[in-house]
Structures are given as C-alpha cells and as structure tokens.
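As a plain string of letters, each chain reads:
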Number of protein chains: 2
Amino acid sequence: VWLRFVQATVEERLRKLFEKKEAQAGMMHPALPALVDTIRDLTMRGGKRLRPALLVAGFHSIAPDQDLDAVLDAAVAAELLQTFLLIHDDWMDQDETRRGRPSVHVMLSAKYGGIHTGASAAILAGNLAAAYAWEALTSAAFPAEMVRLAVHAFWEMEEQVAFGQFLDIVGSSAVETVHVLKSASYSVRGPLRVGALLGGGVESQLEALDRYAWPLGNAFQLRDDLLGTFGDPEETGKPVGNDLRAGRRTALVVDALEAKDDIDLSILVSSLGNPDTTPEEATAVARLLEDCGSRRRVEAALQECVDQALQALDSAPLDPHGVILLRALAERIAIRSR
Amino acid sequence: VWLRFVQATVEERLRKLFEKKEAQAGMMHPALPALVDTIRDLTMRGGKRLRPALLVAGFHSIAPDQDLDAVLDAAVAAELLQTFLLIHDDWMDQDETRRGRPSVHVMLSAKYGGIHTGASAAILAGNLAAAYAWEALTSAAFPAEMVRLAVHAFWEMEEQVAFGQFLDIVGSSAVETVHVLKSASYSVRGPLRVGALLGGGVESQLEALDRYAWPLGNAFQLRDDLLGTFGDPEETGKPVGNDLRAGRRTALVVDALEAKDDIDLSILVSSLGNPDTTPEEATAVARLLEDCGSRRRVEAALQECVDQALQALDSAPLDPHGVILLRALAERIAIRSR
C-alpha cells in the first residue's frame, strides 16, 4: 500500500512537472516541447519507481515524524536521473526497445529522419532530464544545508554510473566493479542515501543503510540478469535474447563459462554478442543456463544478498517503521518480474 | 593583470582537481583514469577561461570585500561545464578538431578502435565533466543558502543550452533564439549570475548584470561567427572553412543571404553545408562576405552590442571596481582573436 502511494504520488508530480516544462519550452520556441515530450513519454511509460521509493524509505527511516511532502518532490529527481541514464545507455548499447516501446534515440531518429540527428537529440533529451533531476532535487523544501549534503550524494551517483557504463562499453571483464558502479550505486545505495541525508541522517545511520544497500544493489543486478534471460518479454519490455545479442556478460553467463562441467556450451559461445541470434537460439541458451545449474546458483546468490541486506537492518539505528518499509522494498526488488 | 591571475588560479585548481580525480578513479579500476584524462586533456589545452573570469567578476561586483578563494573554486565549475558541452557538441556537430587538436570523440574512437565506442565514451566523458562541475560548484565554501541559489542558475544553464543545441541540430531557422539559448546563456549570463548569487546579489543587481550580459552574449556569438570565417586557424584551433562545411547559418551568412545586393552568392550557396568545400573555396567565400559588406555590418552590430553592454554598467548598483573588471571583460570578449 505504501509503495503504491509513493508510486502514484511520484507519477502525479512527474506529470505536473512535464506539463509545466512543456509550457515553458513552448514559450521559448515552438519546436522545443517535442524534446520535453520524449522525456515525458519514456518516464511515464511506467517503470517500477523503485528508486523514488528507496529515497522516501531512506528519509522515513531517519525522520519518521516529518511530513513526506517535500521528500516526494526530491524523489522525482531519482526517477528523472533514471530517465537520463536510460536514454543515454539505450543509445550506447544500441537497444531499440525500452519498456515495451521504441527507445528514445529510435523515436527521434524516425522523427528527424536521420540516425545521427536522432542520436544527438537523444543525448540532449538525456542531458535535459539530468538538468530537471537537479532542479527537482535542489528545489525541494528542505533546509539548504541538507540539500547540499544530498547534492553531494547525487553527483557522486552521476560520477559512479559514468565510470560503470564506461567500463561496460569498453568491454571490461571487471563485471563486479561494473555492477557496483552502475547498479548498486544509483539503483539502491544512491537514492537511499539522498533520502537519508535529506532526513538529517548521521554517520552511524548512513553506515547502517550502506550495509543494507550494497548487497541489495547486487541482488538488484542479479534479478535484472535473471529477468534478461528467463523473464517474460511482455513484462520486462525487452525482447527475448536482448542481453545475449548485446553480448552482456551477465552473472548467468559468467557462472556458466566458469563452471567446469562437462556441458557443451557451444550454443552460448556462438550466440553471445551475435546480433543474428534468433529467439529460438536464445531460448536454447536459456535452457542450457538452467540445465547447467547457473540459474539455480545465481538465484541462490541473489537470495544470499537479500538475506545479507535484511540482516543489516537488525538492530540498525533506524526508525522501526522505516525498517519495515526497507524490508518490504528488499523483497520487492528480489522477487520483481520486470 | 587581474584576468591573468584568475586564469592562472583556475588552471592550477583544475590541475589539482584532475590529479585527485585520476587517483580516485585508479583506485576503483585501472581503466578509469584514462576517461578522466580525456577531460583533463581537453580542459588543459587552453581555452580562454572567460566564463570563470565572468563568474569571479560577477561575484566581485557584488561582494568586493570578500576574499576570492571560495569563488575561484566555484569558477572551476564554469570551465568544467564548458568542457562537458564542448565534448558533446563536437560529437554532435562531427567537429574533428578542438583547440588545435583532435576532439574527444576522435581521440577515443582511435583509442578504442571503433566509432560508436569512441562516441559513447565521449558522451560519458562529457557526463563525467558535468558531474565534476556540480561537485566544484556545490563544494565551494559558501553558505548553503547561496549555493542553493547558484545551483538554480546552474541547472537553468544546462536546460537552456540543451534547448539551444537541439534547435541547432534539427536545423531550426530561429538563429537568434539559438544564440540566446546556446551562447548568451551559458557563455556570459549564466556564469555571471552564478557569481553574483554566490556574492549575495539582490534583484536590482541581478537585473543590472542581465542588462550587461544579454547584449554581451550576443557580441560573444558574433565574434565567434567572425572568427569562424576570418580568424587565424592557428589561433582559433579550428580549420579554415569549418563553420561553412558544417552549414552553420552564422550571422555573416544570414546577413549575406538577406542582403538584396546584386552580388553573385553562388559560391556561398554551393559551399554552405558541403563537406567537400576546399580551403580555397572557403577563402573565396570569406572574400565574398567581405565584399558584399556582411563583415562590416556584423562588426558594426557587434560593436553596438558591446556599447549597449557597457552602457548598462553606467549607474548600475554594483561595486565600482567590479564594474572596471566587467568593462575589461567586455572589451576582451569583443576583440579576442580566438
């Protein structure tokens, strides 16, 4: 119920923000609302709103007596940051689909009749979303000193995610470092920390939240990896075999390649990073990853991460009701189907 | 002398910042300092440091008795914002040269052996520079309330420049709107305003600075247009005919096309936006723009803008010494050769 309340409120505030931004952009030049509209389109397609929820839960676990109105404004920033990163990443990874519809660079390339123009406009749409994220974060009604601390956590996320994505695109084999920098940082730890700092969190509280956030961020990534191979495309909004064709070294792939079993991995090796891999081949790879035990081992690792995150909440110097929200979010992140 | 002091101090602080960032990045992963290094490389190639100087002058014109140490830290942010935008714009405009050397996406494409990987890494380098700009701005030793106001001006710049560049790449004919959003905003008005807000500027002071900033921003753009056609490539760091080949509708081009003279514009029309335009043809176009009076008219318009900016400083509610700096900067922006 609480999660649905946060989701609905964040959606409503995003909707209002885009309405205001489109009106303002139209006053500058009639061609500009179209750019704002691409950000709105992607953002309002859905998404899980887990980052805003983590931000609000982080706040509430520190400042349980404070009204949520201001922190819900700041939570919008976490969603806009996500929009910024999805737009840029989809272009870098040449992913044509996001949340079940064409990704932003694909839409803009069609609209402006050119791949480079579309890609450039998409990068700008991402940059604009980042500017809006900064606006949302720094305009929320908090004492300036707290905003300043939260801002510190915010640019730190931007820095880490740029590093993580960089290692990813240059094909670094440091899969775990990439996960820490790319997913754990901005999917879990960052939003939580921003919320906690806005709530006036002290060092012992921030440390407790970190002990919860890092393993949960890892669980988040492992769930993404599992969904990329075994998820329902209708729910994930990503075509079957997307990760495979893109050559992503997911936890499943790494596990299978490292397992010294006598299983024939040739279909995995030939499909990985091959843009011509068919849905049938992708399904065969999924079966292989199941048969060789990789799915089971990754699911076990995921559960271990979640347990670790939950244990970190025992006797943490946080508000008990906030802890209930954090526990619920951990389960939500672990079992989600998209 | 003052300008050289600001330039030297900003250079020194940039150097230290990059040193620290490269060391930190290296601790995360050995491949990461290379990304920081591309930002450092482009930033330290030179550049005029006019934006940091405007930021410091804006501050000093409001708070003449305050030490410059903190504002010089914030001024670094204006230069990092510029680095971010140059990296992205050069890729969007497919400009291969910047400050006399290969632009960032060209360097990274060579380094990682692929155009798309290089472009992606360049976008990430830009995003990283933006994160560093936010860090520099929000870490400077000012009361949090002032930082919050300056932050507002900062994301406003990011928003406007994204809009301006968007209009530019989709080939909008609204040349003046593009200039206001792209150049006037982040080259002159924005840095000045950030400095003024950090100094505690009140509304009447901010308005006075705006009356100086908008025409000066226009002058800045006109000087850029003139340098793009008549400048010395050794000084501008841009090859002859760069703007022409890119099809930029500079003030010179717009003037020539609008002038109802009996002059044969065919060489201009055939060279504009033609990637095969030779340096000889570019020189012929430059001669044409001189002969048809466009150069004279654009130079006159530039001078008028500068006069307007200078007049706005008469009886402005600003510190007299700050006004001297602002006057010197206006002259510097108007007469610069790069």
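Only a predicted model underlies this, so the values are computations on that prediction, with no experimental measurement involved.

Undergrad: Residues and numbers for the nonpolar core, please.
TA: Trp2, Leu137 and Tyr212 of chain A together with Trp2, Leu137 and Tyr212 of chain B are the most contacted members of the largest nonpolar core, which totals 238 residues. Those residues in contact with Tyr212 of chain B that lie beyond four places of it in its chain are Leu54, Leu192, Ala309, Ala312, Leu313, Leu326, Leu329 and Ala330 of chain B.

Undergrad: A description of the interface of chain B and chain A should follow, citing residues and the corresponding values.
TA: Tallying the contact residues gives 53 residues for chain B and 53 residues for chain A. Carbon and sulfur atoms make up 74% of the area that chain B and chain A hide from each other, which totals about 4,500 Å². Here chain B and chain A share 2 salt bridges between them. Between Glu159 of chain B and Lys21 of chain A there is a salt bridge whose closest N-O contact spans 3.4 Å. Here chain B and chain A share 16 residue pairs in polar contact (both at pLDDT 80 or more) between them. Breaking the side of chain B that touches chain A down by element, the ones donating at least two residues are α1 (2–28), α2 (33–44), α4 (69–92), α6 (115–139), α7 (144–169) and α8 (175–198) of chain B. When its residues are assigned to classes, the side of chain B that touches chain A shows 34 nonpolar, 13 polar and 6 charged.

Undergrad: Explain the environment of Arg223 of chain B to me, and be specific about the residues and the numbers.
TA: Residue and element names in this part refer to chain B. Among the secondary structure elements, Arg223 is positioned in helix α9 (residues 203–230). It is 14 Å that separates the C-alpha atoms of Arg223 and Pro233, two residues lying 10 residues apart in sequence. Non-local contacts of Arg223, meaning those with residues more than four positions away in its chain, are made with Leu302, Ile333, Ala334, Ile335 and Arg336.

Undergrad: Break down helix α12 (residues 251–258) of chain B for me, with residues and values.
TA: Residue and element names in this part refer to chain B. Most of α12 sits out of view: 6 of its 8 residues are buried. Taken as a whole, α12 has its buried residues at Ala251, Leu252, Val253, Val254, Asp255 and Ala256. Where the residues of α12 are buried, they touch α8, α9, α13 (266–271), α14 (279–291) and α15 (294–313).

Undergrad: Summarise the packing of helix α7 (residues 144–169) of chain A against α1 of chain B; cite the residues concerned and give the values.
TA: In contact at an axis separation of 12 Å, α7 of chain A and α1 of chain B are set at 60 degrees when each is read in the N-to-C sense. By the angle between their directions, the pair α7 of chain A and α1 of chain B is classed as oblique. Crossing of α7 of chain A against α1 of chain B: the hand is right-handed. Across the interface between the two elements, Trp155, Glu159 and Phe163 of chain A of α7 of chain A pack against Lys21, Gln24, Ala25 and Met28 of chain B of α1 of chain B. When grouped by side-chain class, the residues that make up the contact of α7 of chain A with α1 of chain B number 4 nonpolar, 1 polar and 2 charged.

Undergrad: Explain empty space enclosed by the protein residue by residue, including any values.
TA: Any empty space left between the atoms is revealed when a probe the size of a water molecule rolls over them. According to the stated counting rule, one finds 7 cavities of 30 Å³ or more in the structure shown. For the largest cavity, the calculated volume is near 100 Å³. What lines the largest cavity is simply Phe84, Leu85, His88, Asp89, Glu158, Val161, Ala162, Gln165 and Tyr186 of chain A together with Leu124 and Asn127 of chain B. Elements with a minimum of two residues in the lining of the largest cavity: α4 (69–92) and α7 of chain A together with α6 of chain B. A volume near 80 Å³ is recorded for the second largest cavity. Contributing to the lining of the second largest cavity are Phe84, Asn127, Ala130, Trp134 and Glu158 of chain A together with Phe84, Asn127, Ala130, Trp134 and Glu158 of chain B. Of all the secondary structure elements, the ones that give two or more residues to the lining of the second largest cavity are α6 (115–139) of chain A together with α6 of chain B. Per-class residue counts for the lining of the second largest cavity are 6 nonpolar, 2 polar and 2 charged.

The rules we used
- Residues numbered from 1 in each chain as written.
- Chains lettered and ligands numbered in written order.
- Predicted model: local features only at pLDDT ≥ 70, side-chain atom pairs only at ≥ 80, totals over all residues.
- Heavy atoms only, no water.
- Core = buried A, V, L, I, M, F, W, Y, C linked by side-chain atoms within 4.5 Å.
- Buried < 20%, exposed > 50% of the residue type's maximum accessible area, 1.4 Å probe, protein only.
- Contact = heavy atoms within 4.5 Å.
- Buried area = accessible area lost by both parts, 1.4 Å probe.
- Salt bridge = Lys/Arg side-chain N within 4 Å of Asp/Glu carboxyl O.
- Polar contact = N/O pair within 3.5 Å; in protein donor to acceptor, adjacent residues only side chain to side chain.
- Helix = DSSP H or I, 4+ residues; strand = E, 2+ residues; numbered from the N terminus.
- Nonpolar A, V, L, I, M, F, W, Y, C, P; charged D, E, K, R; others polar.
- Axes fitted to C-alpha atoms, helices over the stretch in contact; angles between N-to-C directions.
- Parallel < 35°, antiparallel > 145°, perpendicular 65-115°, else oblique.
- Left-handed = near helix turned anticlockwise from the far one by under 90°.
- 1 Å grid on protein atoms, 1.4 Å probe; cavity = no way out; pocket = protein on both sides within 12 Å on 5 of 7 lines; lining within 4 Å.
- Points joined across faces, edges and corners; volume = space filled by probe spheres on them.

Just geometry here; none of it tells us what the structure is for.
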